[in-house]
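Below, each chain spelled out in residue letters.
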Amino acid sequence: MLNRFTADYLDTLGIADFRPAPKVSGRLASYDGLLMEAVGLSLPVGTVCEIGGHGDSKVEAEVIGFRGGRTLLMNLGGPAPLLPKAPVRPIGPPGEAEVGAALLGRVVDGAGRPIDGLGPIRGAGRWPLAGKLQSPLDRGRVLEPLDVGVRAINGLLTIGQGQRVGIMAGSGVGKSVLLGMMVKAAKADVIVIGLIGERSREVADFLETKVAGAARARSVVVAVPANHSPVLRIRGALRATAIAEAFRAEGKKVLLIMDSLTRVAHAGREIGLALGEPASARGYPPSAIAMLPNLIERAGTDVTTGGSITAIYTVLADGDDGNDPVVDSARSILDGHIVLNRHLAERGVYPAIDIGPSVSRVMTDIAHADHLRAARVLRRHLATYEENRDLVLMGAYRAGADAAIDAAIACHPVVMEYIKQAADETVSLDDAVAELTGVFGA
């Protein structure tokens, strides 16, 4: 023991610019199962701390704020066998994510720890969890289409490289299945998937069915199920975005999938309410909604490197309410949204894409004139049919009374066949456009 102390002491004396640094430590003052308060230490928000529990057990927590001279922390793990005045020590600086090619084919949790049983991740780079702020002029326009393998999206809601799109629907309408179809067919250099706040069963299912084979080798998965800490859920979303940003900085075309943006907002709501923020719309504190633009705006095209992040977020509409605060906020920020309709799903139309309220805001920049014209014709027929659907089904409409309604009724079976697609079927962008223009081109 004395020899080790002497050696360490003499080694430090040999460093010319040695500056003694005291070890920071505090004590746990209160804990209510979610929020912890510590005294005796001052740390920046985002710092990870280790708290001594009963016996040799230790718990990790993250600093989330301050109140009355106390440091507020939130548990990053499960049940914590903590005692009053337990020691609190910082163990990590505010957030950095491991990034780079070393993560390809791997699955990590919200803290960046590998959970796929393939051992530690070696040779990874570092990137700030909060990202690097860019000038608006560093963002390029969306000018090239991205083939996602879904006929209705390729033809009627064409997605561009660098676009941010939301898939909006209530629970059980097919958001995850549609995501899987897009992941399997997407033409991207790297696919980053954030499974945030979903069921644990879905993680294994997504890996085995949606990113199997060749797609797995160019994918990175960040999985943080619903039973994890709200801080870890937010960290998982930030980590997935940071990994995508690092690949974009290398000039790669990245597809970022996040399932779901609403669960990220739910985690922000839990933290905000624990900090005492006033609840506003539907119980969401202002910070939970304000967090969404900071996350979404990090995706896009980089003019400097030529890389891009095409981001697809699922947005859960609680109670099938299209005016839910999260849905409404996301819709105002995103470059397009795909709405899934429960009534279509009940009629056996999958994917249950409601073409009317769905829109791609960049489609006019990336599709040619014939394609756009045919898409408008299909939309017009579908809108006319839906407006008069009740009359047609009741038999109250007499054929020949209106030429537009007659055309809509005649085209409706073809329109629904165009929208329908089996989950294991892939339709290329060229085939989807050719079929659309061949039937509805004027």
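Cut-off values and rules
- Residues numbered from 1 in each chain as written.
- Predicted model: local features only at pLDDT ≥ 70, side-chain atom pairs only at ≥ 80, totals over all residues.
- Heavy atoms only, no water.
- Core = buried A, V, L, I, M, F, W, Y, C linked by side-chain atoms within 4.5 Å.
- Buried < 20%, exposed > 50% of the residue type's maximum accessible area, 1.4 Å probe, protein only.
- Helix = DSSP H or I, 4+ residues; strand = E, 2+ residues; numbered from the N terminus.
- Patch = residues over 30% accessible without salt bridge, like charges linked within 9 Å, V, L, I, M, F, W, Y side chains within 5 Å.
- Areas by Shrake-Rupley, 256 points an atom, 1.4 Å probe, with all protein chains shown as cover.
- Salt bridge = Lys/Arg side-chain N within 4 Å of Asp/Glu carboxyl O.
- Lys, Arg positive; Asp, Glu negative; His and termini not counted.
- Charge placed at Lys NZ, Arg CZ, Asp CG, Glu CD.
- Phe/Tyr/Trp six-rings, centres within 6.5 Å; stacked < 30°, edge-to-face > 60°.
- Lys NZ or Arg CZ within 6 Å of the ring centre and 35° of its normal.
- Axes fitted to C-alpha atoms, helices over the stretch in contact; angles between N-to-C directions.
- Parallel < 35°, antiparallel > 145°, perpendicular 65-115°, else oblique.
- Contact = heavy atoms within 4.5 Å.
- Nonpolar A, V, L, I, M, F, W, Y, C, P; charged D, E, K, R; others polar.

Novice: Please provide a residue-by-residue account of the nonpolar core, values included.
Specialist: Membership of the largest hydrophobic core comes to 56 residues, with the highest contact counts inside it found for Ile 153, Met 182 and Ile 193. The element best represented in this core is helix α12 (residues 369-387), accounting for six residues. Counting 55 residues, the second-largest nonpolar core is a separate cluster that includes Leu 72, Leu 232, Ile 234 and Val 326.

Novice: I'd like to hear about a positive patch on the surface, residue by residue, with values.
Specialist: On the surface, Lys 23, Arg 27, Lys 58, Lys 85 and Arg 89 cluster together into a positively charged patch. Assignment of secondary structure puts Lys 23 in the loop between α1 (2-13) and β1 (26-31).

Novice: Break down the packing of aromatic side chains for me, with residues and values.
Specialist: Taken as a whole and assessed by the stated rule, the structure comprises zero aromatic pairs. The positively charged end of Arg 151 is found above the aromatic ring belonging to Tyr 418, 5.9 Å away from the centroid.

Novice: Tell me what's going on with the environment of Gly 77, and back it up with residues and numbers.
Specialist: In this fold, Gly 77 is placed in the loop between β5 (70-75) and β6 (87-92). When the C-alpha positions of Gly 77 and Glu 60 are compared, they lie 6.5 Å apart, and in sequence the two are 17 residues distant.

Novice: Quick one: what's the story with the environment of Val 24, residue by residue and with numbers?
Specialist: With respect to the helices and strands, the residue Val 24 is situated in the loop between α1 and β1. With relative accessibility at 39%, the residue Val 24 sits in the partly exposed group. As a C-alpha pair, Val 24 and Ala 352 span 328 residues in sequence and 55 Å in three-dimensional space.

Novice: How would you sum up the packing of helix α14 (residues 403-419) against helix α15 (residues 429-440)? Please name residues and give values.
Specialist: When two helices pack together, their arrangement is given by the angle between the helix axes and by the axis-to-axis distance. Close contact between α14 and α15 brings their axes to 12 Å; oriented N to C, the two are set at 175 degrees. Here α15 runs roughly antiparallel to α14, going by the angle between their axes. For the pair α14 and α15, contact is made by Cys 411, Val 414, Val 415 and Tyr 418 and by Ala 432, Glu 435, Leu 436, Val 439 and Phe 440, respectively. Of the residues in the contact of α14 with α15, the class split is eight nonpolar, no polar and one charged.

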